[in-house]
Amino acid sequence: MAELLTERTVLTTLAALAVLGMFVLLCRARRVSTSVEDATLAALHRVTSAAPHLRAGLTPASADKAAPHLRELLACVAVGIVDADATLLSWDGEANHHYADLRGKIEQVLRTGKREFLDHGDVTCEHRPCPMRHAVVVPLEVEHETRGALAVIAGGDRKRLLRAAGEVANHVSTQLELAELQESKERLAQAEVRALRAQISPHFIYNALNTIGSLIRTDPEHARDLLQEFADFTRYSFRTSGLYTTLADEIRNIDRYLTLESARFGPDRLRVQLKIAPEVLPVVVPFLALQPLVENAVRHGLANKPGGGTVSVTAEDNGTEALISVDDDGIGMDPDRLDAELSDAHMTGAHVGLGNINNRMRATFGNDYGLVVETEQDAGMKVIMRVPKFAPGVRPVPPPAFDETGVGLAAGPAVSR
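Residues numbered from 1 in each chain as written. Predicted model: local features only at pLDDT ≥ 70, side-chain atom pairs only at ≥ 80, totals over all residues. Heavy atoms only, no water.

Observations regarding the confidence of the model for the chain
For the record, the criterion: Per-residue confidence from the predictor is given as pLDDT, running between 0 and 100. Note on definitions: a residue-residue contact is assigned when non-hydrogen atoms from the two residues lie within 4.5 Å.
Residues with a pLDDT of 70 or more make up 74% of the chain, whose mean pLDDT is 78. Low pLDDT (under 50) marks residues 1-34, which in the prediction has one contact with non-local residues, meaning those over four places away or in another chain.

Written as structure tokens, this is what we have:
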């Protein structure tokens, strides 16, 4: 019995020790796992914190904001960021007395596009103790061109330093490339707006002024009102600020345009219908997204139709989107011919406004938001656009204020037709 108790006691003790060992191993594994997860989350936080500043381009301001995040990400002594001219934009951390030793390496990196390494033993240093053990300079490249360099001072392992600095330099280069892409996109959008302004028909301007001039003696009050409309139309259409505006401002400008064209053609030849839901008026659209469509309907759809016709502009609430259409009952055109002309619009100049707006809508909101055109010969044309009520980065810029004292020009009239 005593032997049995001893054996049972030994087995119980061993089992307890085994369970305890497994518990310790599981706890240790959990601590390691948690430590790795925490480190990963911290690294992701630092990467995402630096990215918005880097996407502003390589400037002293953006470098000053990004450098601390990059130093924390690398867990190094210091980080320096220089531009393509070897000008130091920012230095975050210690050991800045070694920047002079790095100047030659930085210039070489900018010339060759290859990284350079510097060991503390290769330089003269009077600082004791010095936090620097190694330093590496890596190029920052955008489309295979060196746009700057990243200098990293470290007090730890050389192999880890080289690998980590290379990875961070790739990240920084990617953000700089995105910055240039965004800048290029904005320049393209501005060029497209300039093209639309240039397309506003000189004949319309001439005819509008001619119509106003003809009314000065017979109906001076009407002429004055039309002159106000013309001044506000041109002021809005040729403003130089902002790629986006509200639907309310676009509709107001369309109303000015149609008021001037109605005075020229007469109310019997140009009939207008505006059906705008109030809840979609704050929706943001690309600047001059609608006026060229209305001008196209008047000039190409109705001007050549005997007896004229009707142009309708409708904006409806469609859940998360605004559904906008410009419709005319004019001469229309063959759909195949329209497709052919749109494909060559950049060369022939035909329907530039339609293709331009289609490209801008897709670039702003995505490929699903291109224009839909319904037309047939002698059956008019309808252009439909869907606009999301919210899109990241799409914000209207208020038009610049003008001092109208003594000019006698009032703001555009409210939409009422």
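Still more to cover.
Points about the environment of Glu 374
Stated formally: Comment: elements are numbered from the N terminus, with helices defined as DSSP H or I runs of at least four residues and strands as E runs of at least two. Here's how the labels work: a residue is buried when its accessible area is under 20% of the maximum for its type, exposed when over 50%, partly exposed in between, all with a 1.4 Å probe on protein chains only.
Here Glu 374 shows up in strand β11 (residues 372-375). Residue Glu 374 is classed as partly exposed on the basis of its relative accessible area, which comes to 43%. Considered as a pair, Glu 374 and Gly 332 are 42 residues apart in the sequence and their alpha carbons are 9.2 Å apart. Not counting residues within four places of it along the chain, the set of residues in contact with Glu 374 comprises Gly 380, Met 381, Lys 382 and Ile 384.

Some points on the packing of aromatic side chains
Given two aromatic rings, one states the distance between the centres and the angle between the planes to describe the pair. The test is simple: Ring pairs are drawn from Phe, Tyr and Trp, using the six-membered ring of Trp, whenever the two centres fall within 6.5 Å, and their geometry is named by plane angle: stacked under 30 degrees, edge-to-face over 60, tilted for the rest. Our definition puts a charge over a ring when NZ of Lys or CZ of Arg is within 6 Å of the ring centre and also within 35 degrees of the ring normal.
Under the defined criterion, the tally for this structure stands at four aromatic pairs. Pairing Phe 233 with Tyr 257 gives two aromatic rings, centres 6.0 Å apart and planes at 35 degrees, and the pair type is tilted. Here the residue Phe 233 occupies a position in helix α6 (residues 220-237), and Tyr 257 occupies one in helix α7 (residues 247-265), the gap between them amounting to 24 residues. Over the ring of Phe 265 we find Arg 264, and its NZ or CZ is 4.2 Å from the ring centre. The lysine or arginine in question, Arg 386, covers the ring of Tyr 369, its NZ or CZ lying 4.6 Å from the ring centre.

Some remarks on the sheet that holds strand β7 (residues 270-276)
Working definition: the strands of a sheet are paired by backbone hydrogen bonds and lie parallel or antiparallel to each other. For clarity, the cut-off: Paired strands are those between which DSSP finds at least two bridges. All axes here are fitted lines through C-alpha atoms, helices being fitted over the stretch that makes contact, and every angle between N-to-C directions spans 0 to 180 degrees.
Spatially, five strands are ordered β7-β9-β10-β12-β11 in an open sheet, and the strand pairing comes out mixed. The sheet terminates laterally at β7 and β11, the two strands that pair on one side only. When strand polarity is set aside, the average angle formed by the axes of neighbouring strands in this sheet is 10 degrees. Of the strand pairs in this sheet, strand β9 (residues 309-318) and strand β10 (residues 321-328) are connected by eight bridges, and their pairing is antiparallel. Its bridge partner being in β10, Ala 315 is matched across the sheet by Ile 324. Where α7 meets the sheet, it contacts β7, β9 and β10, and its direction lies at approximately 165 degrees from that of β7. The strands touched by helix α8 (residues 291-302) are β7, β9, β10 and β12 (381-388); relative to β10, the strand with the most contacts, the crossing angle is about 20 degrees.

Structural notes on unusual backbone geometry
Omega for the peptide link from Arg 128 to Pro 129 comes to -10 degrees, which places this bond in the cis form. Locating Pro 129 in the fold gives a position in the loop between β3 (116-119) and β4 (134-142). Residues other than glycine seldom take positive phi values, yet Ala 95 does so here, at roughly 60 degrees. Positionally, Ala 95 belongs in the loop between β2 (88-93) and α3 (99-112). One non-glycine residue with positive phi stands out, namely His 144, at about 65 degrees. Positionally, His 144 belongs in the loop between β4 and β5 (145-154).

Some details on a negative patch on the surface
What counts is decided by this rule: Patch building starts from residues that exceed 30% relative accessible area and form no salt bridge, then joins like charges within 9 Å and nonpolar side chains (Val, Leu, Ile, Met, Phe, Trp, Tyr) within 5 Å. Accessible areas in this description were obtained via Shrake-Rupley with a 1.4 Å probe; residue shielding takes into account the shown protein chains only. By definition, a salt bridge exists where a carboxyl oxygen of Asp or Glu is found within 4 Å of a side-chain nitrogen of Lys or Arg. Neither His nor the chain ends contribute to the count of charged residues, in which Lys and Arg are positive and Asp and Glu negative. Note on charges: their place is set at NZ of Lys, CZ of Arg, CG of Asp or CD of Glu.
Residues Asp 336, Asp 339, Glu 376 and Asp 378 make up a contiguous surface patch of negative charge. Classification of Glu 376 by relative accessible area gives partly exposed; the value is 40%.

Concerning α8
To keep it simple, the criterion reads: Expected span of a helix, by definition, is 1.5 Å for each gap between consecutive residues, and there is one gap fewer than residues.
Look at α8: 15 Å from first C-alpha to last across 12 residues, which is about the 16 Å you get at 1.5 Å a residue. Where burial is concerned, most of α8 is hidden: 10 out of the 12 residues are buried. For α8, every residue scored as buried is listed here: Gln 291, Pro 292, Leu 293, Val 294, Glu 295, Asn 296, Ala 297, Val 298, Gly 301 and Leu 302.

Considerations on α3
The end-to-end C-alpha separation of α3 is 20 Å, in line with the 20 Å expected for 14 residues at 1.5 Å each. Those residues of α3 lying buried are Tyr 99, Leu 102, Ile 106, Val 109 and Leu 110. Backbone geometry just downstream of α3 places Gly 113 in the positive-phi region, at approximately 75 degrees.

Brief notes about the nonpolar core
Using the following cut-off: Definition of nonpolar core: a set of buried residues of the types Ala, Val, Leu, Ile, Met, Phe, Trp, Tyr and Cys, connected through side-chain atoms within 4.5 Å.
Judged by nonpolar contacts, the single largest core of 52 residues is most densely connected at Leu 258, Leu 293 and Met 385. Among the elements that line this core, the one with the most residues is α7, at seven residues. Counting residues in each nonpolar core, the second largest holds 25 residues, with Ala 67, Leu 89, Val 138 and Ala 165 among its members.

Description of the packing of helix α5 (residues 202-218) against α7
Heads up, the condition is: A clockwise turn of the near helix away from the far one marks a right-handed crossing, whereas an anticlockwise turn of less than a right angle marks a left-handed crossing. Residue classes follow a fixed rule: Ala, Val, Leu, Ile, Met, Phe, Trp, Tyr, Cys and Pro count as nonpolar, while Asp, Glu, Lys and Arg count as charged, and any other residue, Gly among them, counts as polar.
Two elements in contact, α5 and α7, have axes separated by 9 Å at closest approach and are oriented at 65 degrees. At the point where α5 passes α7, the crossing takes the left-handed sense. Facing α5, whose interface residues are Phe 204, Asn 207, Thr 211 and Ile 212, α7 presents Tyr 257, Leu 260, Glu 261, Ala 263 and Arg 264. The residue makeup of the contact of α5 with α7, split by class, is five nonpolar, two polar and two charged.

Quick word on the side chain of Asn 358
Definition in use: Pairs of N or O atoms within 3.5 Å make up the polar contacts considered here, provided that, within protein, one atom can donate a hydrogen while the other can accept it, and that residues adjacent in sequence are counted only when both atoms are side-chain atoms.
As for its position among the elements, Asn 358 is in helix α11 (residues 352-365). Its relative accessible area of 19% is what places Asn 358 among the buried residues. Polar contacts involving the side chain of Asn 358 include one to the main-chain amide nitrogen of Leu 371, which spans 2.8 Å.

Some details on the sheet that holds β4
With antiparallel pairing, the five strands of this open sheet are ordered in space as β2-β1-β5-β4-β3. Each edge of the open sheet is held by one strand with a lone partner, namely β2 and β3. Averaged over all pairs of adjacent strands, the angle between their axes in this sheet comes to 15 degrees, without regard to strand direction. Two elements, β3 and β4, share four bridges in a ladder whose sense is antiparallel. Of the residues in β4, the one forming a bridge with Glu 116 is Val 137.

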